[in-house]
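Descriptive analysis of the structure
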Amino acid sequence: MMVEKAAVIDMGTNTFHLLLVELADNGFRTLYKEKIPVKLGEGGISKELILPEAKKRAFHTLTHFSNLIKGEQIDRVFAFATSAVRNARNGHEFVADVRERLGIDVNIIDGNREAELIYKGIRLSGSLNDETSLMMDIGGGSVEFIIGNESRIFWKQSFEIGGQRMLDLFHYHDPILPTEISRLNEYLESKLETLCHAIAHFQPSRLVGASGTFDTLTDMYRARIQEAKFRYQSTYSIPAASFQQIAGQLIHLDRAERLQIQGMIPMRVDMIVVASCLIQFILGQVDTDLLHCSTYSLKEGAIAEILQNQSGTKPLHYARQAI
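Residues numbered from 1 in each chain as written. Predicted model: local features only at pLDDT ≥ 70, side-chain atom pairs only at ≥ 80, totals over all residues. Heavy atoms only, no water.

Once that is clear, we can look at the sheet that holds strand β7 (residues 143–148). If you trace the six strands from one edge of the open sheet to the other, you get β8-β7-β6-β9-β11-β10, paired in mixed fashion. Among the strands making up the open sheet, the edge pair consists of β8 (153–159) and β10 (235–239). Strand after strand, the sheet turns through a mean of 20 degrees between neighbouring axes, direction not considered. Summarising the sheet, strand β6 (residues 133–138) and strand β9 (residues 206–210) pair through four bridges and their orientation is parallel. Bridge pairing links M136 to G209 in β9. Relative to β10, helix α9 (residues 240–252) is tilted by about 75 degrees, and along the sheet it contacts β10 and β11 (290–294). (Pairing = 2+ DSSP bridges. Helix = DSSP H or I, 4+ residues; strand = E, 2+ residues; numbered from the N terminus. Axes fitted to C-alpha atoms, helices over the stretch in contact; angles between N-to-C directions. Contact = heavy atoms within 4.5 Å.)

Here it is as C-alpha cells:
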C-alpha cells in the first residue's frame, strides 16, 4: 500500500523550516524536520527588500530542502512565505524565481492567515483547553497574537514588530541599555494598543507561546532545573517567575556571554533579548503564573489542515516522532 506523505516549508524572516511527514487517518508521523537560520530579512527588512546575499542564502537552503523532499519521493509540498516576503517590494519576484529554479510553488500569506495556521498548530500540540488563552508566535518579521481556546478563535491579529525589526530599531548596544528597553516598551505600548484592548475584553487566563523563542526558553529553563526535553512531547511549561529570572539574565549579558548559557543556540542569541522584552511586556497584560510553550506552530498547523481536509474532522493531538 502506498504511504501518503507531505512536506511543509515555512520560509520565515529569520528561519526556514522543513517538515516531512507520513500522514495517517487521525494524525501524522514526523519523518524528518530541520530549521536553518537563513536570515532572509537581514539588512533589508527595514527597506522592504530581500537583499542579494539573503536571496543567495535562501536558494542554498531551498535547494537543500528540495533534495530532501525528492529523496523521500514526496509530491505534496506546501510552502509558505511570511513577513519578510509579503512586505518586500521584490517579494513576488523572489517567489517567481523559486518556482522557476526549483519548481516549488510558494504561497505568500497575510498576517491573518499566518495567525490561523499558528493557532491550528498550537491546538494540535495539545497546549489548549477550555480556558481562554492568549497565544503568541514571535517571528523575525511579525508577531502573531491569537485569543481563543481549544474550540475556537475569539480574536487574532498580526503585528509587524518581529525580532529582526525590534533588533534593528532598539538593540544598538550589547548588553542592551536600559534606555533602549524603555524606548522598546514605549514602542510596544503604541503598536499593541489593539491587542491590549482585546486582552481587557476577553481576559485570557493563560499564555501560550509557539515554537522559536519559546523553544529556546524551554531549553534554557530545563537545563537550569536539569531536566531533559522529551522527544515525543509537544507542550511544556515554564513558571513565569523562572522566565523573569532568565530574561533578567539575558538583558544583562553580551552576545558572547549569552552563548555560554546552557540551552542557548546561535540562531536565537541575537533576537532573544528583544523577544524576552516583548514577553515581559505581555506578562504585564496577562495575569498568569505559567508560560505554556508549544513546540508546534505554523508548519504543524498546515499539517492539521491537510488532515482535516482528508477526514473532514479535526485531527487528534498526535506527537509521535519517527524512531
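All right, on to the pattern of salt bridges then. Should their charged atoms come close, side chains of opposite charge can pair. Applying the stated criterion to the full structure yields 19 salt bridges. For E144, the salt bridge identified is with R86, shortest N-O distance 3.9 Å. Here R86 lies in helix α2 (residues 83–86) and E144 lies in strand β7, a separation of 58 residues in the sequence. Of the residues examined, E144 reaches a relative accessible area of 0% and is grouped as buried. Note that D219 and K229 form a salt bridge whose closest N and O atoms lie 3.1 Å from each other. (Salt bridge = Lys/Arg side-chain N within 4 Å of Asp/Glu carboxyl O. Buried < 20%, exposed > 50% of the residue type's maximum accessible area, 1.4 Å probe, protein only.)

One pass over the full model with this rule turns up zero disulfides. C277 provides the cysteine sulfur closest to C196, a residue in no disulfide bond, and the two sulfurs are 16 Å apart. By relative accessible area, C277 is classed as buried at 2%. (Disulfide = S-S within 2.5 Å.)

With their axes 9 Å apart at the nearest point, α9 and helix α11 (residues 272–283) run at an angle of 140 degrees to one another. By the angle class used here, α9 and α11 are oblique. Both α9 and α11 take part in a crossing whose hand is left-handed. Where α9 approaches α11, its residues F243, Q244, A247, L250 and I251 are matched on the opposing element by I272, V273, S276, C277, I279, Q280 and L283. Residue classes in the contact of α9 with α11 are distributed as nine nonpolar, three polar and no charged. (Parallel < 35°, antiparallel > 145°, perpendicular 65-115°, else oblique. Left-handed = near helix turned anticlockwise from the far one by under 90°. Nonpolar A, V, L, I, M, F, W, Y, C, P; charged D, E, K, R; others polar.)

Here we have five strands laid out as an open sheet, ordered β3-β2-β1-β4-β5, and mixed in their pairing. Among the strands making up the open sheet, the edge pair consists of β3 (28–36) and β5 (106–108). Averaged over all adjacent pairs, the angle separating strand axes in this sheet is 20 degrees, with direction ignored. Helix-sheet contacts for helix α12 (residues 298–311) involve β1 (5–11), β2 (16–23), β3 and β4 (77–81), and the interaxial angle to β2 is about 30 degrees.

A rise of 1.5 Å per residue sets the reference length of helix α6 (residues 178–191), with its 14 residues, at 20 Å; its end C-alpha atoms lie 20 Å apart and thus fit the reference within 8%. By the burial criterion, the buried members of α6 are E180, I181, L184, Y187 and L188. The buried side chains of α6 occupy one side of the element, clustering within an arc of 120 degrees when seen end-on. In α6, the exposed positions that point more than 90 degrees away from the buried face belong to P178, E186, E189 and S190. Residues of α6 that are buried sit in contact with α5 (163–170), α9 and α11. (Expected span 1.5 Å × (residues − 1). Arc of directions from axis to C-beta.)

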